[in-house]
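Structural overview for review
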Amino acid sequence: MKPAPFEYRRPETVEEVIHLLAEYGDEAKLLAGGQSLIPTMNFRLAQPAMLIDLNTVEGLDGLDAGDDGSLRMGAMVRQAMAEKSALVAERVPLLAETLPYVAHAQIRNRGTIGGNLAHADPRSELPAVMLALAASVTVRGPDGERSIGARDFFAGFFETALEEGELLTEVVLPPAVEGGGQAFLEVSRRLGDYAMVGVAASVVCDGAGRCDQASIALLSVGSRPMLAERASACLVGERPSRATVVAAGHAAGNQDIDPPADMHASVAYRRRLATVLVRRALTTAFERAGCVIGEGAS
Amino acid sequence: MGAHPHVGAGVLRNEDPQLLTGRAIFVDDVHLAGTLHAAFLRSDFAHGRLLSVDTSAAKRREGVIAVYTAEDLGDYWCHGPLLVPPPPIAGLTFNTATLVPLARDRVVHVGEPIAVVVAESRYIAEDALEDIVVDIEPLPVVVGLEEALAPDSPVIHEALGTNVAAHVVQQKGDYEAARGDAHTVVSRKFSYDRGVAGAIENRGILADWNARNEELTVWDTTQAPIPIRNGLAERLGLLQSQVRVVAPFLGGGFGPKMMMFYPEELLIPWISMRLERPVKWIEDRAESFFATTNERLQLHEAELAVDSEGRILGVKDVFLHDSGAYDPYGITVPINTQCTLLGPYRVPNYYSEFTAVFTNKTIVTPVRGAGRQHGVFVMERLLDFAAKELGIDRVEIRKRNFLTPDEFPHDHEILFQDSAPLVYDSGDYLPAMEKAAEMIGYRKFLDEEQPKARAEGRRLGLGIVSYVEGTGIGPYEGARVSVEPSGKVQLATGVGTQGQGHFTTFAQIVADQLGVDVTDVHVVTGDTREFSWGTGTFASRGIVVAGSACHEAAIVVRKRILSVASEALEAAEDDLELADGVVRVKGSDLSISLGELAVRANPLRGAVAAGAEPGLEATSYFGPARGTTASGVHAMIVEIDPETLEVSIQRYVVVHDCGRLVNPVIVDGQIHGGVAHGIGNAFFEELVYDDQGQLLNASFMDYLLPTATDVPHMEVAHVETPSPLNPLGVKGVGEAGAIPVGALYAQALEDALQGAVEIREIPLSPGRLFDLVQDAEADS
């Protein structure tokens, strides 16, 4: 449980990081909170020749409100810091609600928002939240800066749209919308474990009480966090009711996902969990959006 | 002997200041100048022919001092000892295959050590492991128990020609005749799997050969320092007095640290002698999953014959037991299953047959409970099913079958793990059951709370089960009590200690005899230089066997104190009293301190009477004729989410009987830890092997130990039925909490699911419950 030999650098600017990435290519790994990378190195499953520590890089830990009501978080903002932030609680309640589910308090003290997203673990909570909220990330590389939407960012199993030599610098969460409501739920074996299934739901109701938008992101159901499109289709344009959320749950669990089996959950159990959690999360999200769920069909 | 102000009191633990301030010394805290660090290359294959091991590149790496394979060990390479030979049971088959220090020719489980690298740092040692080139020709792997016994199964130990490690039949009465008379017979198949001990401190060894003094000092995370000392001396050609083994503070033992000898335990001292430098090996968590013993699966086919009133006429149980790749621990685990299945019940006819099977997996040796869980599960489940079939309340069927106080000592007419007859010394089971039922609110729950919750769509269930635990077996332990000139008392004993509170409970026992404060008794344990005789801490025996030896030694010292004081104070011994560190003439101000008496007992001048011994010191030994039987009842209320099958424990009640309580706080702590362990076994932990014998979850990310949020508050009460087999009336408690939890979960979850499923397996999980419910729905 000791890592293989590696070189280590502590750059102070993003430019230096980009320079080092260009120099070492895929031999380099970026060290943010280290909560996934270091164990992987200790198991010798990852043996990077060069470790570039981002903890000394300036300008990556901002947590700021945009004028338009958005929230901008530097990649190196610790999960614990975001969890305790009044600004996050006010602007992005779904993120505040979700962060306590991310591993354990000790891990969140070190773990970063950007590191978590760039790691792109399909069992991780934050990528699903980003999807549900249609957030975007800002990345910088040798050719400058670009923005990538969450839908495009999570490309596969531990894979992102980051190009070689690029660095995730910031997360941008869009402003809250009138009539919006969100909820996060997951089922894990123990508090702090990766969920067997989790769901981040975000809905918007129009003035007439109809569902205008519904983003339902699921985690631990495949090679990347995914949006349950058929479930959304059960809701959009409809007046939310017990029947529509039940239908959305079934669509999510039985049509949208093709979940894997592992030692903790069979395929059928994951489908059940997705079905139930989507229904429950939507019920809460609609309540928070100010839509009372009727018992009958809409 | 007068009042015992300390025994029975929940005094604070003597060892806690050291532990809680981080000053306690564990093996890895011992730093010696010039220490080298070892790392082991382990087999990636569960079964294979070891064709070659090329260590040349590893030896060339800078910082590497030595690399050893089986070839390099010469005569030191040999099979380890059979630690626990099987009891003399008629007709028994036992095939021995004990482990080797480094694999030669053959590897038989993943993680079996093949080579050891010694380097200036653990980092370099692990780097060098990657330099070693091993050629293994994979062989077909034996994983499943039934498959292992199939005629076409590959054979792990060719010399044995079979995968049968043992075959044992024990019986009393005539089960088949009893079955013929039965009103009802319930027959079921059960599977009960377990897991790792999960001690917070993994194993570790630091060996230091001092070539000038010709002395070997070994710090070892063992539960048995004295047998390790004896074995190392023998294997290394040294006198026992040249070898000192220290088991300092240990972060938990739970059984696997009682295994002797692990390959690392043999090799690290040998390497230190060859290199004449201190050598340290600290097991990491990943290798612990493969290299430290654990406990696993048994498959049972069992039946219970009862009369129309639910009275037990007989039990038949035939089971398979996974031994793993070797069986140095004999049949300890399955014989515990066989014996503990009988529980607190009157079982007039019993037929029990087991086959222990070699598989290509880590060795199975006792882990807290040591096979007792499996037996209790089978018996408790059979009683539940019989109760259901007969329409008898589950508490009532147990009450009807409990042994009554007038039936003790009760001879079950079979042999226990210590080769002694399985005779229960004492017990009173009915009050414990009644107390547990009352505490959990059994009737109110069934009559009011459960139906009300069900009407609200909530699924609540209750479980209530009984068990016994054979504890406190021999052979013996010893203790030396000395009063020092400071007036403080030194107490040395040979058992190791791994968190049980020995520094306090042993001190309480001695303090009562010597009239001193508990904090004035300084306990030394686990250092062979301090005490040379004994076996170790295992089988819930510390307080029974070593505690009794402490008691006996203290009585002798008390007599000596009174004798010396009688002379000093010119008063008859009967007129003296011992309290607060002084001997006082009753009803007077005349007194003398223990410190002064210690000086008087060891004079610098003057003659000592012939035959007298100096000092206020005595050494005593205690060996019980046989084990003493503890018992208990656990009850819990669970709620299960009917959709997600998530389970939460609402209440947990334990009523336990371990005879006289020496320290109720420590006893409760043992029960709390045991229950936590049991909850892990029942609902979280599982060693998941694939069909190639690869362990798929060798980390705490996927091997789920219960955490603080999974273990409920426990309401613990005690019944005290003293043991007649030792002077203190105590029984062991170390394993008890872990034993009935699987049976308890099964009953409570079945109850919560309103009989939708029948649970015949452990471990469970929400996912497994879901699958069981789905299967049951598909069948109906």
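Starting from 1, residues in each chain are numbered consecutively following that chain's sequence as written. Note on labels: chains are lettered from A, ligands numbered from 1, in written order. pLDDT decides what is reported in this predicted model: residues at 70 or higher carry local features, side-chain atom pairs at 80 or more are listed and counted, and totals for whole chains, interfaces and linings draw on all residues regardless. Each side-chain value is derived from all of the structure's non-hydrogen atoms; neither hydrogens nor water enter the calculation.

1. What about the overall build of chain B?
When helices and strands are tallied, chain B shows 19 helices and 30 strands. In this description the radius of gyration comes from C-alpha coordinates, and the expected globular size is given by 2.2 Å times residues to the power 0.38. In terms of overall size, chain B behaves like a compact globule, its C-alpha atoms giving a radius of gyration of 28 Å where 780 residues would be expected to give roughly 28 Å. Only protein chains enter the accessibility calculation, which uses a 1.4 Å probe; a residue is then buried when its area is under 20% of its type maximum, exposed when over 50%, and partly exposed in between. In chain B, which comprises 780 residues, the proportion classed as buried is 63%. Considering only residue pairs separated by 6 or more positions, chain B has 80% of its internal contacts joining residues 24 or more positions apart. When the accessible area of chain B is evaluated, it comes to approximately 27700 Å², of which 50% is carbon and sulfur surface. Of the side chains in chain B, 62 bear a positive and 109 a negative charge, and the two mean positions are spaced by 2 Å. In this text, helices come from DSSP runs of H or I with a minimum length of four residues, and strands from runs of E with a minimum of two, each type numbered from the N-terminal end. We call two residues contacting when some pair of their heavy atoms lies within 4.5 Å. To measure how exposed things are, a 1.4 Å probe is used in the Shrake-Rupley method; for residues, cover is taken only from the protein chains shown. Positive residues here are Lys and Arg, negative ones are Asp and Glu, while His and the chain termini are left out of the count. For the purpose of locating charges, the reference atoms are NZ of Lys, CZ of Arg, CG of Asp and CD of Glu.

2. Digging into the interface of chain B and chain A
Between chain B and chain A, the contact holds 34 residues from the first and 25 residues from the second. Roughly 2500 Å² is buried in total at the junction of chain B and chain A, and carbon and sulfur atoms are behind 55% of that figure. Whenever Lys or Arg places a side-chain nitrogen within 4 Å of a carboxyl oxygen from Asp or Glu, that contact is recorded as a salt bridge. Connecting chain B to chain A are five salt bridges. Arg44 of chain A is the partner of Glu130 of chain B in a salt bridge, and the nearest nitrogen-oxygen pair spans 3.4 Å. Side-chain atoms alone can form a polar contact between residues adjacent in sequence; in general such a contact is a pair of N or O atoms within 3.5 Å, and within protein one must be able to donate a hydrogen while the other accepts it. Our count for the contact surface shared by chain B and chain A stands at 17 residue pairs in polar contact (both at pLDDT 80 or more). Counting residues per element, the ones that place at least two in the side of chain B that touches chain A are α3 (122-129), α17 (664-684) and α19 (766-779) of chain B. Ten residue types, Ala, Val, Leu, Ile, Met, Phe, Trp, Tyr, Cys and Pro, are classed as nonpolar, four, Asp, Glu, Lys and Arg, as charged, and the remainder, Gly among them, as polar. Split into classes, the residues belonging to the side of chain B that touches chain A amount to 15 nonpolar, eight polar and 11 charged. What gets called buried area is simply the loss in accessible area from a 1.4 Å probe that two parts show on being joined, summed for both.

3. So, the sheet that holds strand β21 (residues 489-493) of chain B
Residues and elements named next belong to chain B. Only when DSSP finds a minimum of two bridges between them are two strands counted as paired. The four strands are arranged β22-β21-β20-β26 in an open sheet whose pairing can be described as mixed. The two strands at the open ends of the sheet, each matched to only one other strand, are β22 (521-525) and β26 (616-622). Pairwise comparison of adjacent strand axes, ignoring direction, gives a mean angle of 15 degrees for this sheet. Sheet topology note: the strand β20 (residues 477-483)/β26 ladder contains seven bridges and is antiparallel. The partner of Gly478 across the bridge, within β26, is Tyr621. Lines fitted to C-alpha atoms define the axes here, with helix axes fitted over just the stretch in contact, and angles between the N-to-C directions of these axes take values from 0 to 180 degrees. Against the sheet, helix α14 (residues 502-514) engages β20, β21 and β22, with an angle of about 135 degrees to β22.

4. Regarding the state of the cysteines
Note on terminology: disulfide denotes any pair of cysteine sulfur atoms within 2.5 Å. Within the structure shown, the criterion is met by one disulfide over all chains. Between the sulfur of Cys205 of chain A and that of Cys291 of chain A lies a disulfide, 2.4 Å long from S to S. Pair noted here: Cys205 of chain A is in strand β12 (residues 195-205) and Cys291 of chain A is in the segment after α12 (267-288), with a separation of 86 residues, a long-range link. Each member of the pair, Cys205 of chain A as well as Cys291 of chain A, carries the same accessibility label: buried. Between Cys658 of chain B, a free cysteine, and Cys550 of chain B, which holds the nearest cysteine sulfur, the sulfur-to-sulfur gap is 17 Å. Since its relative accessible area comes to 2%, Cys658 of chain B is described here as buried.

5. Focus on the domain arrangement of chain A
Residues and elements named next belong to chain A. Note that domain bounds follow an automatic or database assignment of domains. Looking at the assigned domains, one finds that chain A contains domain 1 (7-53), domain 2 (63-173) and domain 3 (180-288). Relative placement of domain 1 and domain 2: their C-alpha centres are 19 Å apart. Contact residues are listed per partner, giving 12 residues for domain 1 and 16 residues for domain 2. Interface area, domain 1 with domain 2, both sides summed: about 1000 Å², of which 69% is carbon and sulfur. On the domain 1 side of the contact with domain 2, Ile18, Ala32 and Gln35 bury the most area, a combined 43% of that side's loss. Summed over the shared surface of domain 1 and domain 2, the result is one salt bridge. We note a salt bridge from Arg140 to Glu15, for which the minimum N-O separation is 2.5 Å.

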